[in-house]
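Fold and geometry: a report
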Amino acid sequence: MEKLKSLSDFFSQHKALVDQTDPNKPMIVVCGGTGCIALGAVSVHQAFKEAIQRLGLTDEVTLKSTGCHGFCEKGPAVVIHPDRFFYPGVTPEDVTEILERTVMAGEAIERLAYIDPASGKKITYEYDVPFYAGQERNVFQYNGKIDPVDIEDYISHGGYCGFAKVLDEYKPEEVIETVIKAGLRGRGGGGFPVGLKWKFCHEAEGDKKYIICNADEGDPGAFMDRSLLEGTPHSVMEGMLIAGYAIGASTGIIYVRAEYPLAVSNTAKAIELARKVNLLGGNILGSGFSFDIEIRQGAGAFVCGEETALIESIEGQRGMPRPRPPFPAVAGYHGRPTNINNVETFANVPLIINKGADWYSSIGTEKSTGTKIFALAGTVANTGLVEVPMGATLRHIVFDIGGGIPDGKKFKAAQLGGPSGGCLPTQHLDCEIDYDSLQSIGAMMGSGGLIVMDETNCMVDVAKYFLQFVQAESCGKCTPCRIGTREMLDMLEKICDGKGQPGDLEELEKLANDVNSASLCGLGQTAPNPVLSTLKNFRAEYEAHINDKRCPAGACEALLTYFILETCVGCGACVRVCPVNAIEGDKKQRHIIEPGLCIKCGQCFNICKFNAVSKDGKEHAAI
Amino acid sequence: MTVLELLGSMGKVTPGDLIPILQEVQNQYGYLPQGVLLEISEHTIIPASRIYGVATFYEQFHLEPRGKHIIKCCRGTACHVRGGSTLIKDIKNELGIDEGETTEDLQFTFETVACLGTCALAPVMMVDDKYYGKMDAKKVKTLIAELRSAVKETA
Ligand SMILES: Cc1cc2nc3c(=O)[nH]c(=O)nc-3n(C[C@H](O)[C@H](O)[C@H](O)COP(=O)(O)O)c2cc1C
Ligand code: FES
């Protein structure tokens, strides 16, 4: 594509690209997200490329590697357009058959079809797969459709049209009004109204203003920002351009975590291409508006996701938060007005401009509009990325889309909002999820990490896990967070080790409230949430640890005693896996674990096909 | 590459660029050698104390040499609830080293990471740039045996 000199250049180029596209041309889409790559997507893509050449189909078939389709568990995923045949777990050996039978003859290959774990039925088309059928994909619409960096592909699907429309028709104030009217709230955790934040920054005095895109995504269990940057970096950049125009900024910075190499390289390529065609740089599309974007890589510190710590980090300092006010909108990067939004927030903006504030606010709930992407993980059948309207129920996400809990186990809790969030038990399954409803039941939207836990997950252990995390990530600047989380962790470790005493829980609760009210930044303020929410919803489990020295879920090592039950058939499988030779017994006779030698690694429990290994000390004592 | 060349390749640098500078040094040397940091301090007028402060704040930076292959295991929530802590133990057992340590032959360094962002495939580990999902004790054993024999072959 040539350099676009004016807005009319852009619009005619867009029309030409749309006219060129033939929606009926067969297209093979291989998912190129990190998950599918880990499962072998690169060699599948290569095999398709070779087979297409070998069969002389280069002109008839389009082959694309796109961003993550979201259904990471079932990778490498392949979709054949226009019919949208869906094949999970494809290998290079399947490629020729797919080309000959599905692409050329329009025939479904039964052997490769997806089997729905809930119904046991084979499913042919992508839109019939329950994981996708229950979703509403707006922000995610391009993932799975376009080549992540190809700017022409993005434009032919309506990309940069929102930005062009803004340049053409809107005053900066009108952009802000539209975003306020749409009701968009920040997707990075806090849920602050986006238009309002832009307005503050627009009104702030400053010779230079900045737009920062927060792609630090430190929340363990969340990976939607990564998928968006990997799969449609242009849509995030378009959102930044629109924000830059509204606020009057000329520089954008994307702060991305170093653990995301593919996101970094795709975004860097996308920036390069946008500069080439005059969608970034000086005097964009001849409009007089200038804006450029650079990438900064994080260096591995969770606290740098917090906006003021992030600014310290890009200024080359230790990433320690600053007290607010002043807010970054007034004094941020280099002391200048700075607007920080999350990746997903920016990716929502072009949609609002293209389809209008009324359309946008018709989706979701009254106070939380639009859709939200959740990263569904943990002990659930279908893991991956799920985009649903705000207000969807937990049950819809975990059971309809996620397919419920595998291996016949029971749902115990859903952890939402990462280290700042809480654990929701069964009675909240029908709660409609939005920013405010979650807050009212002691959880938090956070960045949208949603981790499902079953009956074998111990809630005290989970609380301890999060405390370990925040304790390690606390930057150390303020005492309540640095020392308070340490103290809380010590208490939880004591309880998990079977050394808890009556009164510990009251003490823990008190300390949690102190840390919450006295910490400097969001990290410390929200660090007690996982403890408080589990104390509220699973108090009996804490009490079992303290009073009975028992871990009902069978997870806290110190409280377990491995023991072989009468149902043992003496197959010897456990003897072979035991790393310390602690199991003895004659063939076909009940085996015995020598407690003095057992290191409680759990391998015998996992390998036993007869459920003959128990880990519950209580059961042991009873026998 | 000398320190001056390295700084030169980055265009105009200001104290604000300290993190990208350190990232570049680590790319070149595999860790942050003390002498190099002192030289950078001289050339950029960033105080050595500040460089040390930044280098020790971020998990990504290392002041000691590391193994040829970096093995990372996720300790994130999604991995934790699917047996991630057992996986960490298994890797330690197989390698015979603790978290943050390097094997004596300088071949392997083992680290744990807050989240590898591949939570759908939990539990997850990484060897250099390659992800390995849905791991268990058996797969770890095979993987590390393969890595060891690859090391022997190249030796
Ligand atoms: C400890 C901590 C970590 C955070 N991590 C992130 C993060 O990884 N990504 C993010 O977008 N926001 C994160 N935030 C929220 C940011 O401070 C900020 O509110 C957000 O980037 C604003 O964007 P939004 O309004 O679009 O959500 C974090 C906040 C705290 C307190
Ligand atoms: S929690 Fe392990 S990869 Fe995210």
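Residues numbered from 1 in each chain as written. Chains lettered and ligands numbered in written order. Predicted model: local features only at pLDDT ≥ 70, side-chain atom pairs only at ≥ 80, totals over all residues. Heavy atoms only, no water.

Section: the domain arrangement of chain A
Which entries qualify depends on this criterion: Delimitation of the domains relies on an automatic or database domain assignment.
For chain A, the assigned domains read domain 1 (23-131), domain 2 (151-361), domain 3 (371-457), domain 4 (460-547) and domain 5 (560-614). Measuring from the centre of the C-alpha atoms in domain 1 of chain A to the corresponding centre in domain 5 of chain A gives 44 Å.

With respect to the state of the cysteines
All names here are of chain A. Heads up, the rule is: Put simply, a disulfide is two cysteine sulfurs that come within 2.5 Å.
According to the stated counting rule, one finds zero disulfides over all chains in the structure shown. Just so you know, Cys-213 is unpaired, no disulfide at all, and the nearest cysteine sulfur is the one on Cys-201, 15 Å from it. Cys-423 provides the cysteine sulfur closest to Cys-431, a residue in no disulfide bond, and the two sulfurs are 15 Å apart.

Notes on helix α2 (residues 18-29) of chain B
Which entries qualify depends on this criterion: Numbering of helices and strands runs from the N terminus; a helix is a DSSP stretch of H or I covering at least four residues, while a strand is a stretch of E covering at least two. Multiplying one less than the number of residues by 1.5 Å gives the expected span of a helix. Each residue gets one of three labels from its accessible area relative to the maximum for its type: buried under 20%, exposed over 50%, partly exposed in between, using a 1.4 Å probe on protein chains only. Working rule for contacts: check all heavy atoms of both residues, and any pair within 4.5 Å makes them a contact.
Helix length check: α2 of chain B (twelve residues) gives 16 Å between terminal C-alpha atoms against 16 Å at 1.5 Å per residue, within 8%. For α2 of chain B, every residue scored as buried is listed here: Leu-18, Ile-19, Pro-20, Ile-21, Leu-22, Gln-23, Val-25 and Gln-26 of chain B. Against the buried residues of α2 of chain B lie β9 (292-297) and α13 (307-314) of chain A together with α1 (3-8), α3 (34-44) and α4 (48-57) of chain B. A positive backbone phi angle near 85 degrees is found at Gly-30 of chain B, which sits one or two residues after α2 of chain B.

As for the sheet that holds strand β13 (residues 411-416) of chain A
All names here are of chain A. Put simply, the rule reads: DSSP calls a pair of strands paired once it identifies at least 2 bridges connecting them. Each axis is a line fitted through C-alpha atoms, and for a helix only the stretch in contact is used; angles between axes span 0 to 180 degrees, taken between their N-to-C directions.
Taken in spatial order, the five strands line up as β12-β11-β15-β13-β14 in an open sheet, and their pairing is mixed. Both edges of this open sheet fall to β12 (384-389) and β14 (422-425), since each of them pairs with a single strand only. Strand-to-strand twist across the sheet, computed as the mean angle between neighbouring axes with direction ignored, equals 30 degrees. With six bridges connecting them, strand β11 (residues 371-378) and β12 associate as antiparallel partners. Note that in β12 the partner of Thr-371 across the bridge is Pro-389. Sitting on the sheet, helix α16 (residues 394-401) is in contact with β11, β12, β13, β14 and β15 (449-454), with an inclination near 135 degrees to β12. This element, helix α18 (residues 459-473), spans β13, β14 and β15 of the sheet and lies at about 15 degrees to β13.

Points about the site of ligand 1
All names here are of chain A. Let me state the cut-off plainly: One heavy atom suffices: a residue is near a molecule or strand as soon as one of its heavy atoms comes within 4 Å of it. Pairs of N or O atoms within 3.5 Å make up the polar contacts considered here, provided that, within protein, one atom can donate a hydrogen while the other can accept it, and that residues adjacent in sequence are counted only when both atoms are side-chain atoms. All accessibility values rest on the Shrake-Rupley procedure with a 1.4 Å probe; residue burial counts only the protein chains present in the view. Note on residue categories: nonpolar means Ala, Val, Leu, Ile, Met, Phe, Trp, Tyr, Cys or Pro, charged means Asp, Glu, Lys or Arg, and polar means any other residue, Gly included.
Taken together, 18 residues lie near ligand 1, and Gly-188, Asn-214, Asn-341, Asn-342 and Thr-345 sit nearest. At a separation of 3.0 Å, an oxygen atom of ligand 1 approaches a polar backbone atom of Glu-217. Protein coverage of the free-state accessible area of ligand 1, which is 610 Å², stands at 86%. A per-element tally of the shell around ligand 1 places strand β10 (residues 338-342) first, with three residues. For the shell around ligand 1, the class distribution of residues is three nonpolar, nine polar and six charged.

Structural notes on the pattern of salt bridges
Residue and element names in this part refer to chain A. Selection rule: Any carboxyl oxygen of Asp or Glu within 4 Å of a side-chain nitrogen of Lys or Arg constitutes a salt bridge here.
Here the structure, examined in full by the defined rule, presents 38 salt bridges over all chains. Across the pair Arg-226 and Glu-230 runs a salt bridge, and its minimum N-O distance is 2.9 Å. Pair noted here: Arg-226 and Glu-230 are both in helix α10 (residues 224-231), with a separation of four residues, about one helical turn. Of the residues examined, Arg-226 reaches a relative accessible area of 2% and is grouped as buried. With a relative accessible area of 2%, Glu-230 lands in the buried category. A salt bridge links Arg-539 to Glu-509, with the shortest nitrogen-to-oxygen separation between them at 3.2 Å. Here Glu-509 lies in helix α20 (residues 504-518) and Arg-539 lies in helix α23 (residues 539-547), a separation of 30 residues in the sequence. Three or more residues are tied together by salt bridges with common partners; here these are Asp-94, Glu-97, Arg-101, Glu-107 and Arg-111.

Structural notes on empty space enclosed by the protein
Convention followed: In this analysis, the protein atoms alone were mapped onto a 1 Å grid. Cavities are point sets where a 1.4 Å probe fits without being able to get out; pockets are open sets with protein on both sides within 12 Å along at least five of seven lines; lining residues have an atom within 4 Å of a point. Grid points are joined across faces, edges and corners, and a volume is the space filled by probe spheres set on the points.
On inspection of all chains with the given rule, the structure shows seven cavities of 30 Å³ or more. The computed volume of the largest cavity comes to approximately 130 Å³. If you trace the largest cavity, you find it lined by Asp-216, Gly-218, Arg-257, Glu-259, Ala-299, Gly-300, Ala-301, Phe-302 and Glu-473 of chain A together with Glu-59, Val-113 and Ala-114 of chain B. Taken together, the residues of the lining of the largest cavity break down into five nonpolar, two polar and five charged.

Concerning the packing of aromatic side chains
Residues and elements named next belong to chain A. Formally: Any Phe, Tyr or Trp ring, taking Trp's six-membered ring, that has another such ring centre within 6.5 Å forms a pair; planes under 30 degrees apart are called stacked, those over 60 apart edge-to-face, and the others tilted. By definition, being over a ring means that NZ of Lys or CZ of Arg is both within 6 Å of the ring centre and within 35 degrees of the ring normal.
Under the defined criterion, the tally for this structure stands at 22 aromatic pairs over all chains. Seen from their ring centres, Phe-302 and Phe-469 are 5.0 Å apart, and the 70 degrees between their planes marks the pair as edge-to-face. Here the residue Phe-302 occupies a position in the loop between β9 and α13, and Phe-469 occupies one in helix α18, the gap between them amounting to 167 residues. Neither residue differs from the other here; Phe-302 and Phe-469 are each classed as buried. An aromatic cluster is built from Phe-71, Phe-86, Tyr-114, Phe-131 and Tyr-132, whose rings are joined through pairwise contacts. One residue, Lys-615, lies across the ring of Phe-605, its end atom 4.4 Å from the ring centre.

Considerations on the interface of chain A and chain B
Threshold: The term buried area denotes the loss of accessible surface (1.4 Å probe radius) that occurs when two parts are joined, taken as the sum for both partners.
Across the contact, 51 residues belong to chain A and 38 residues belong to chain B. A buried area of about 3,400 Å², summed over both sides, lies between chain A and chain B, and 55% of it is on carbon and sulfur atoms. For chain A, the biggest contributors to the area lost against chain B are Ala-299, Arg-318 and Tyr-465 of chain A; these three give 17% of the whole. Across the contact surface, chain A and chain B share four salt bridges. Close ionic contact of Arg-82 of chain B with Glu-73 of chain A constitutes a salt bridge, the shortest N to O distance being 3.7 Å. Those elements that place two or more of their residues in the side of chain A that touches chain B are α2 (34-38), β9, α13, β11, β15 and α18 of chain A.

What to know about the pairing of β14 of chain A
Residues and elements named next belong to chain A. Neither face of β14 is left uncovered, since the one carrying Gly-422 and Leu-424 and the one carrying Cys-423 and Pro-425 both have all their residues buried. Pairing analysis gives four bridges linking β13 to β14, with the strands arranged antiparallel. Across the sheet, Gln-415 pairs through a bridge with Cys-423, a residue of β14.

Considerations on the environment of Val-575 of chain A
Residues and elements named next belong to chain A. Topologically, Val-575 is positioned in helix α24 (residues 573-577). Sequence separation of Val-575 and Cys-604 is 29 residues, and the distance between their C-alpha atoms is 7.7 Å. Look past the residues within four positions of Val-575 in its chain and what remains in contact with it is Ile-583 and His-591.

Looking at unusual backbone geometry
Cis geometry marks the peptide bond from His-81 of chain A to Pro-82 of chain A, where omega comes out at 5 degrees. Summarising the element assignment, Pro-82 of chain A is placed in the loop between β3 (78-81) and β4 (85-87). Put simply, Arg-324 of chain A and Pro-325 of chain A share a cis peptide bond, and its omega is -5 degrees. With respect to the secondary-structure elements, Pro-325 of chain A resides in the loop between α13 and β10. With a phi close to 65 degrees, Lys-588 of chain A is a non-glycine residue in the positive phi region. Residue position: Lys-588 of chain A is located in the loop between β17 (583-584) and β18 (592-593). Within the chain, Asp-128 of chain B stands out as a residue other than glycine whose phi angle is a positive 50 degrees.

Some remarks on a nonpolar patch on the surface
Put simply, the rule is: Each patch is built from salt-bridge-free residues with over 30% relative accessible area, joining like charges within 9 Å and nonpolar side chains (Val, Leu, Ile, Met, Phe, Trp, Tyr) within 5 Å.
A contiguous nonpolar patch, built from Ile-180, Phe-192, Leu-196 and Phe-200 of chain A and spanning about 340 Å² of accessible area, is present on the exposed surface. Structurally, Phe-192 of chain A can be placed in the loop between α8 (172-182) and α9 (194-203).

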